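Structural features, examined
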Amino acid sequence: MKNKILIPLLILGVLAAFFSFKYSGRNSRSLDDKRKLVIETVMAALQHEHFSPRPIDDTFSSRVYNRMMDYFDYSKMYFTRQDAQKLGAFEFKIDDQIKAGSIEFFDSFDAIYQRRIASSEKYYQDILAKPFTFTSDDRLQMDAKKEPYANGEAGITERWREVLKYRVLEKYVDLKDAQDKKVKDSADYKKKTDAELEAQAREDTKKLYQRLYKQMHKMKDDDRFTAFVNAIAETEDPHTSYFPPADKTNFDVSMSGSFFGIGAKLRENPDNGKIMITDIITGSPSWKQGELKAEDEIIKVAQGDKTPVDVQGYDINDVIKLIRGPKGTEVRLTVKRPDNTIKVIPILRDVINIEETFAKSAIINTKEGRVGYIYLPEFYADFNHTSGRRCATDVLEEVKKLKAEGVTGMILDLRNNGGGSLGDVVEMAGIFVGRGPIVQVKNSNSSVTTLRSSITDTAIYSGPFAIMVNQNSASASEILAAAMQDYNRAVIVGAPTYGKGTVQKLLPLDEMLNPMTRMQLANDTSNTEPSIGSLKLTMEKFYRVNGGSTQLKGVVPDIALPDAYAFLDDEDMGERKNKAALPYDEIPAAAIKSSNAVVNVGQLAAVSKSRVANNPTFNLIEQTAASRKKKMDNNTVSLNEKTYRKEQEEATAISKKLEEIQKKATNLEMSNLAADKERINIDTVSINKNKDWLKNVSKDVYIGETVNILSDLAKSTMKMSVNKQRMN
């Protein structure tokens, strides 16, 4: 990805002429004008810069309409049938309105939605004021797609009553079970009546909805408008999306794994809205300063010696914005300690690295030798700083450290890795195959570019290698797995991947405005934000070196392991579940030289399948998938206490058994790399986090089987090598 994209002069010229004509000569503009400007700019970007722009017609309009209805009322708890009919009049007109510079649909939608939020708040309060009984045989349909919109006030009230009855039943059963345990443990415990427990369950449910509505009331008009712009953007494909100015900063943080701040983790207390410190990041400014502690409540934030801002009642994201700032600047936090004492703590901001984002490795000790395990949660890259962390260089460092430890094989875990930096995945592949083609990229003009690794002429590591993937391994993860599969370099283990074969780039929308419009935005005192945001835009599609796209199809593993999500139909998995997804296609293959590091894949798969068939943990995983399939097909819950309990017991029985077997089935012997000891032992928090991570890895049945597969691969490779020597 790149942060800057050059816009063709033709588009700039068209937009400059349009916006100059429409907005020149005005010193300020209304909120509606700015929103129209955002939509017009987004539409221009979609039509001229998207990889495969769709026509702006009735189909587009219907998709935008349905996305808005699903996003704001997927459960059909707010809009009535009459509301849906009224809004349905816009279903095939949104395209015409956008072309005419109108946002009538959004204004009408927003007005009805806000009215329904206000009325639904009264529904739950009135319904929860009266007791429920749980003896009738009625059931609640949990799949909103199978339900029509409720008919009028009476219908929507009844829907709320059914849902609230289910929520209260859940809490009521939990309270009864907890009480039974207390009675069993203590003869002196004063037992509550069923009526008292039911009343408590209703009160707890009421508090839950009070917190929910408190959050809903914090949603601003701009937030709902952003959702509307995204409903437009996502009609092109699932990965094109709009970022208002504030969200662009959060996107950069998620990609880089770092930001300037103080290194304290915050949470909002759901009961009273207080902003609390939950953790201090090791090595951060807060950790070095030493005074800020977990459980401190933030009550004021000041920029250096300026007047503090009282943040009591603020949304947590607004508090985070006040705390973050430029490197080297001071923020002063006024905190209330658990003993109610007040303290002002000055902290100098600095770079904060989110360690959970970065690659890390460990040693798995087996009878056959030491296996290197590398965990990579995402393909991160700090595009804003030349010295920032990049996953390609980090993984290279981990590989070098593991080689120094004398490992006999390596595992790269890409499960649940949703992708990230395209440049880094290309360089990372070179660690294992050396210089050569890694992925082909096609743009909207059908021009194909082959991206080649250049990190080294020859592979840094050429030994036995396995890559773990699952249904949540996407984008860059699929590029790497596909390349290693096409080069015959690694055995791919797990489940078919997500199927995201597109490339996005971030387009600052301000760059599409003419200088006069940008200046007006900057000088307009009625605007709190002089920017109109950015667009993450699908501009390219990538293909394997064998010519096939990973789009929709994903990467099929060489060795499949039982998947707890196998109950889902193929069209409900990954990219395939979204109707706006781009199609699968193929282009000519690139010329590569196979490494032939993986031999006898069929035999490896057969041996693994035999082991898996005799593994009680994998057997239970398959049973769990079958049970989930049955439940999903029905997808209703009983509102009768006895029936509800029976269904819950059936649903949890396999899960409990699975947990018990997992504790015993896999117990890999883990150890840290010698080079990591100093970093791990820096403080108690780091030591405990490392212990927990090693423990989780050691109990992972999928990692255990991948170790077995890698051992089989090493033996097969050794056998092939011996046979070649004999032939010579």
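Now for a description of the structure that goes with this document. Since this is a predicted model, take the numbers as computed values, not measurements. (Residues numbered from 1 in each chain as written. Predicted model: local features only at pLDDT ≥ 70, side-chain atom pairs only at ≥ 80, totals over all residues. Heavy atoms only, no water.)

**Comments concerning the overall build of the chain**
Counting its regular elements, the chain contains 22 helices and 22 strands. Counting the 728 residues in the chain, one finds 49% classified as buried. Long-range pairs, those at least 24 residues apart, make up 77% of the contacts in the chain between residues at least 6 apart in sequence. Split by element, the accessible area of the chain, about 35,000 Å² in all, is 51% carbon and sulfur. (Helix = DSSP H or I, 4+ residues; strand = E, 2+ residues; numbered from the N terminus. Buried < 20%, exposed > 50% of the residue type's maximum accessible area, 1.4 Å probe, protein only. Contact = heavy atoms within 4.5 Å. Areas by Shrake-Rupley, 256 points an atom, 1.4 Å probe, with all protein chains shown as cover.)

**Details of the nonpolar core**
Burial of nonpolar side chains together is a common tendency in soluble globular proteins. By size, the foremost hydrophobic cluster in this structure holds 74 residues, and its most contacted members are Ile39, Phe109, Trp160, Phe228, Ile232, Leu509 and Leu535. By residue number, the principal contributor to this core is helix H7 (residues 152-185), which donates 10 residues. Residues contacting Trp160, with those up to four places away along its chain left out, are Met77, Tyr78, Ser120, Tyr123, Tyr124, Ile127, Tyr209 and Tyr213. Residues Ile374, Cys391, Leu412 and Val433 belong to the second largest nonpolar core, which totals 45 residues. (Core = buried A, V, L, I, M, F, W, Y, C linked by side-chain atoms within 4.5 Å.)

**Things to note about the environment of Asp310**
Secondary-structure assignment places Asp310 in strand E7 (residues 309-310). Taking relative accessible area as the criterion, Asp310 reaches 40% and is therefore assigned partly exposed. Taking the C-alpha atoms as reference points, Asp310 and Thr334, 24 residues apart in sequence, are found 9.0 Å from one another. Apart from residues no more than four positions distant in its own chain, Asp310 is found in contact with Ile299 and Lys300.

**Looking at the packing of helix H3 (residues 58-73) against helix H6 (residues 104-127)**
Packing of H3 against H6 leaves a shortest axis separation of 12 Å and a crossing angle of 20°. Relative to H6, H3 is oriented roughly parallel. Judged by the twist between their axes, the crossing of H3 over H6 is right-handed. Taking contact as the criterion, the partners of Tyr65, Met68, Met69 and Phe72 in H3 are, on H6, Phe105, Phe106, Phe109 and Tyr113. Residue composition of the contact of H3 with H6, grouped by class: eight nonpolar, no polar and no charged. (Axes fitted to C-alpha atoms, helices over the stretch in contact; angles between N-to-C directions. Parallel < 35°, antiparallel > 145°, perpendicular 65-115°, else oblique. Left-handed = near helix turned anticlockwise from the far one by under 90°. Nonpolar A, V, L, I, M, F, W, Y, C, P; charged D, E, K, R; others polar.)

**Overview of the pairing of strand E19 (residues 534-543)**
Counting buried residues in E19 gives 10 out of 10 residues, a clear majority hidden from the surface. Judged from the three bridges that link them, strand E2 (residues 241-243) and E19 form a sheet pairing that is antiparallel. Its bridge partner being in E19, Tyr242 is matched across the sheet by Leu535. As defined by bridge partners, strand E14 (residues 436-443) adjoins E19 across four bridges and the pair is classed as antiparallel. The residue of E19 that forms the bridge with Val441 is Phe542. Pairing of strand E18 (residues 502-508) with E19 involves seven bridges; the strand directions are antiparallel. (Pairing = 2+ DSSP bridges.)

**Notes on the environment of Asp32**
Along the chain, the position of Asp32 falls in helix H2 (residues 31-49). What makes Asp32 partly exposed here is its relative accessible area of 32%. A C-alpha to C-alpha distance of 8.0 Å links Asp32 and Ile103, two positions 71 residues apart in sequence. If sequence neighbours within four positions are ignored, Asp32 has contacts with Ile103 and Asp107.

**Description of the environment of Trp693**
Here Trp693 shows up in helix H21 (residues 684-698). A residue is classified by how much of its surface remains accessible, and Trp693, at 13% relative accessible area, is buried. Counting along the chain gives 331 residues from Trp693 to Ala362, while the straight-line C-alpha distance between them is 9.9 Å. Each residue touching Trp693, except ones within four places of it in the same chain, is listed here: Lys360, Ser361, Ala362, Tyr373 and Tyr375.

**Re empty space enclosed by the protein**
If a probe as big as a water molecule is rolled over the atoms, it shows which places are left empty. Overall, the coordinates contain four cavities of 30 Å³ or more when judged by the stated rule. By volume, the largest cavity is sized at about 80 Å³. Residue assignment for the lining of the largest cavity shows that the elements contributing at least two residues are helix H15 (476-486) and E18. For the lining of the largest cavity, the element with the most residues is E18, which contributes three residues. Classifying every residue of the lining of the largest cavity by side-chain character gives six nonpolar, four polar and one charged. (1 Å grid on protein atoms, 1.4 Å probe; cavity = no way out; pocket = protein on both sides within 12 Å on 5 of 7 lines; lining within 4 Å. Points joined across faces, edges and corners; volume = space filled by probe spheres on them.)

**Some details on the packing of H7 against helix H8 (residues 194-218)**
Where H7 meets H8, the axes come as close as 8 Å, and the angle between the chain directions of the two elements is 125°. If you check the angle between H7 and H8, you find them oblique. In this structure, H7 meets H8 at a crossing whose hand is right-handed. Contacts between H7 and H8 involve Trp160, Val163, Leu164, Arg167, Val168, Lys171, Tyr172, Leu175, Lys176 and Gln179 from the former and Asp194, Leu197, Glu198, Gln200, Ala201, Arg202, Asp204, Thr205, Leu208, Tyr209 and Tyr213 from the latter. When the residues that make up the contact of H7 with H8 are grouped by side-chain class, the tally is 11 nonpolar, three polar and seven charged.

**Digging into H3**
When the terminal C-alpha atoms of H3 are compared, their 22 Å separation across 16 residues agrees well with the 22 Å that a helix rising 1.5 Å per residue should span. Regarding H3, the residues found buried are Phe60, Ser61, Ser62, Val64, Tyr65, Met68, Met69, Phe72 and Asp73. Contacts made by the buried residues of H3 are with H2, helix H4 (81-88), helix H5 (94-99), H6 and helix H9 (221-233). Two or three places before Thr59, at the start of H3, stands the capping residue Asp57, its side-chain oxygen 3.2 Å from that residue's backbone nitrogen. (Expected span 1.5 Å × (residues − 1). Polar contact = N/O pair within 3.5 Å; in protein donor to acceptor, adjacent residues only side chain to side chain.)

**Topic: helix H17 (residues 601-613)**
Helical geometry note: an α-helix holds 3.6 residues per turn, so side chains three or four residues apart project in the same direction. When the terminal C-alpha atoms of H17 are compared, their 18 Å separation across 13 residues agrees well with the 18 Å that a helix rising 1.5 Å per residue should span. Within H17, the full set of buried residues consists of Leu604, Ser608 and Val612. The buried residues of H17 occupy an angular sector of 70° when the element is viewed end-on, so they sit on one face. In H17, the exposed positions that point more than 90 degrees away from the buried face belong to Gly602 and Lys609. (Arc of directions from axis to C-beta.)

**Remarks on the pattern of salt bridges**
Enumeration according to the criterion identifies 40 salt bridges in this entry. A salt bridge links Lys218 to Glu268; the shortest N-O distance between them is 2.7 Å. Of the two residues, Lys218 sits in helix H8 while Glu268 sits in strand E4 (residues 264-268), which places them 50 residues apart along the sequence. Looking at Lys218, the relative accessible area reads 22%, which means it is partly exposed. Close ionic contact of Lys541 with Asp585 constitutes a salt bridge, the shortest N to O distance being 3.0 Å. Residue Lys541 is found in strand E19, and its partner Asp585 is found in the loop between strand E20 (559-560) and H17; the two are separated by 44 residues along the sequence. Taking the relative accessible area as the measure of exposure, Lys541 reaches 3% and is therefore buried. (Salt bridge = Lys/Arg side-chain N within 4 Å of Asp/Glu carboxyl O.)

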